[in-house]
Amino acid sequence: MTRIEPEKYGEYRVWAGIGWAATAFAMGFIFELLPLQDMFSLFAAGMSFVVLIWGCSPPPPLAAGALSRPPKPLLINGEGVENGQMHKEGGGVGEQDCCDDDLDEKQLLRTGRSSVQQLSNNTIDPPEAHTPTNNYVQKLIRFFRSLDAEAIETLIVVAPMGISAGAMNALLFVYLQQLGASTVLLGTTLVVNILTEIPCFAYSEALRKRFGARSIIYIGVAAYAVRVGWYAWIKNPWMVMPAELLHGVTFALVWSSLAVLAAQISPEKGLQATTQGLFSLLFNGIGGGIGAVGGGYLYEIVGPRKVFAGISLCNVVAFLFLVIADCRRAVLS
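## A short note on the overall build of the protein chain
- When helices and strands are counted, the protein chain shows 12 helices and 3 strands.
- Put simply, the protein chain has 333 residues, and 34% of those count as buried.
- Counting only contacts in the protein chain whose residues sit at least 6 apart along the sequence, the fraction spanning at least 24 positions is 76%.
- Accessible surface, the protein chain: about 20,500 Å² in total, of which carbon and sulfur atoms supply 66%.

Quick look at the structure:
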């Protein structure tokens, strides 16, 4: 399977948005016609169809030699044994054959005793010192040591954006229904989300090349502040539509830029997925959890308007944090 380049993430992600948009608007009308129990049955049928397509799809071809590796030579007393032949470490095949009469039984015993003596004297490193776990921990240490100020600042501002996304996913539809929104309106908001998401994903690479990933993060934080702040102001549920036009910026542009930033700040290729996982942890895990759980708790105490206003203020603070950090860096340089 071909590896997706980080710069092309938006172009691939467009198709997921198209599939989402193709069903979201229709589901709003179906929900009006069918009872809730039938919706779960419909969902199960759809997922079964997806599993069927996946099962009928041919597996990707494996690279030649992907499942087999050539055996490493066995080192005995500074000499290697490979395919029944002796050779010096670091050299080619030796002149002696293990099965030749020149290497008698006593010589093999002496060689074995010498190898055991080397192991007892710790002349050969134990295999635990080179386990994949230890190597990965060392890579993580190098990763955190390699983070510069801009990378750390990006990691910090990802959290308030995640809080905004978590609050919107968990509380927005509840809030709109309290304002009198119908299921058709809720489905329409999803369609508007995807319609703005598709062009932003498609042109995300061009926009990053034009403005830079750092500028996209600026725009994303500001858009979150405006979008969530708008929720705190509306009284008519249909007035949510102007704010939903910012979904392409707050999700598509921001998330595709975070995927590229993860590849840029990784000190080595083996940690790109780990860096993306760290961004996902801060955005969806910590930030999303605070926005959904903490926002839901405050929703019952202070009301939805104050919750959305407070989250908007958090994004304003994050935006000012980036501005101050960049201005300070410019003055010092």
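## Regarding the nonpolar core
- Counting 48 residues, the largest nonpolar core has Met161, Ile217, Tyr231, Leu258 and Phe279 as its most contacted members.
- For this core, the secondary-structure elements that each account for two or more residues are α5 (149–178), α6 (183–202), α8 (213–231), α9 (241–244), α10 (247–265), α11 (272–302) and α12 (304–332).
- Take this core: its biggest share by element is 13 residues, from α5.
- Apart from residues lying up to four places away in sequence, Leu258 is in contact with Thr154, Val158, Ile217 and Phe279.

## What about the packing of α5 against α11?
- The geometry of α5 relative to α11 is characterised by a closest axis approach of 6 Å and an angle of 40 degrees between their N-to-C directions. On the basis of the axis angle, α5 is oblique to α11. Considering how the two elements wind past one another, α5 and α11 form a crossing that is right-handed.

## A short note on helix α7 (residues 204–211)
- For α7, the full list of buried residues reads Ser204, Glu205 and Arg208. For α7, the angular spread of buried residues about the axis comes to 100 degrees, placing them on one side.
- With its phi angle positive at about 95 degrees, Gly212 sits one or two positions after the end of α7.

## Description of the packing of α6 against α10
- Put simply, α6 and α10 touch, their axes get as near as 8 Å, and they point 35 degrees apart. Judged by the twist between their axes, the crossing of α6 over α10 is right-handed. Touching Asn193, Thr196, Glu197, Cys200 and Phe201 of α6 are His247, Gly248, Val249, Phe251, Ala252, Leu253 and Ser256, all from α10.
- Along the lines of polarity and charge, the residues of the contact of α6 with α10 split into 6 nonpolar, 5 polar and 1 charged.

## Structural notes on the packing of aromatic side chains
- Within the structure shown, the criterion is met by 6 aromatic pairs.
- Each ring, one from Tyr175 and one from Phe308, has its centre 5.5 Å from the other, and the planes form 50 degrees; the classification is tilted. Taken together, the positions of Tyr175 in helix α5 and Phe308 in helix α12 put the pair 133 residues apart, joining distant regions of the chain. Here Tyr175 matches Phe308 in class, with each residue buried.
- Consider the rings of Tyr231 and Phe308, whose centres lie 5.4 Å apart with planes at 70 degrees: the pair is edge-to-face.

## What about the confidence of the model for the protein chain?
- Per-residue confidence for the protein chain averages 76 on the pLDDT scale, and 66% of its residues sit at or above 70.
- Low pLDDT (under 50) marks residues 74–99, which in the prediction has 44 contacts with non-local residues, meaning those over four places away or in another chain.
- Below a pLDDT of 50 lies the segment residues 118–130, which in the model reaches 8 contacts outside its immediate sequence neighbourhood of four places, other chains included.

## Considering the pattern of salt bridges
- This model, assessed by the stated rule, comprises 7 salt bridges.
- For Arg329, the salt bridge is made with Glu150, and the minimal N-O distance between the two is 3.9 Å. Of this pair, Arg329 sits in helix α12 while Glu150 is found in helix α5, placing the two residues 179 residues apart along the sequence.
- Here Glu205 makes a salt bridge to Lys209, at a shortest N to O gap of 3.3 Å.

## A look at a nonpolar patch on the surface
- Together, Leu313, Val316, Val317, Leu320 and Ile324 line one region of the surface with nonpolar side chains, adding up to about 460 Å² of accessible area.
- With respect to the element layout, Val317 can be found in helix α12.

## With respect to the side chain of Arg227
- When you line up the elements, Arg227 lands in helix α8.
- Ignoring sequence-local partners within four residues, the contact set of Arg227 consists of Met168, Asn193, Ala243, Glu244, Leu246, His247 and Thr250.

## Some words on the environment of Leu179
- Position of Leu179 relative to the elements: it lies in the loop between α5 and α6.
- In sequence terms Leu179 and Asn236 are 57 residues apart; their C-alpha atoms lie 6.6 Å from each other.
- What Leu179 contacts, discounting residues up to four positions off in sequence, is Ile234, Lys235, Pro237 and Arg305.

## Looking at the environment of Pro237
- With respect to the secondary-structure elements, Pro237 resides in the loop between α8 and α9.
- Judged by relative accessible area, Pro237 falls into the buried class, the value being 8%.
- When the C-alpha positions of Pro237 and Ala181 are compared, they lie 5.6 Å apart, and in sequence the two are 56 residues distant.

Calculation criteria
Residues numbered from 1 in each chain as written. Predicted model: local features only at pLDDT ≥ 70, side-chain atom pairs only at ≥ 80, totals over all residues. Heavy atoms only, no water. Helix = DSSP H or I, 4+ residues; strand = E, 2+ residues; numbered from the N terminus. Buried < 20%, exposed > 50% of the residue type's maximum accessible area, 1.4 Å probe, protein only. Contact = heavy atoms within 4.5 Å. Areas by Shrake-Rupley, 256 points an atom, 1.4 Å probe, with all protein chains shown as cover. Core = buried A, V, L, I, M, F, W, Y, C linked by side-chain atoms within 4.5 Å. Axes fitted to C-alpha atoms, helices over the stretch in contact; angles between N-to-C directions. Parallel < 35°, antiparallel > 145°, perpendicular 65-115°, else oblique. Left-handed = near helix turned anticlockwise from the far one by under 90°. Arc of directions from axis to C-beta. Nonpolar A, V, L, I, M, F, W, Y, C, P; charged D, E, K, R; others polar. Phe/Tyr/Trp six-rings, centres within 6.5 Å; stacked < 30°, edge-to-face > 60°. pLDDT = per-residue confidence, 0-100. Salt bridge = Lys/Arg side-chain N within 4 Å of Asp/Glu carboxyl O. Patch = residues over 30% accessible without salt bridge, like charges linked within 9 Å, V, L, I, M, F, W, Y side chains within 5 Å.

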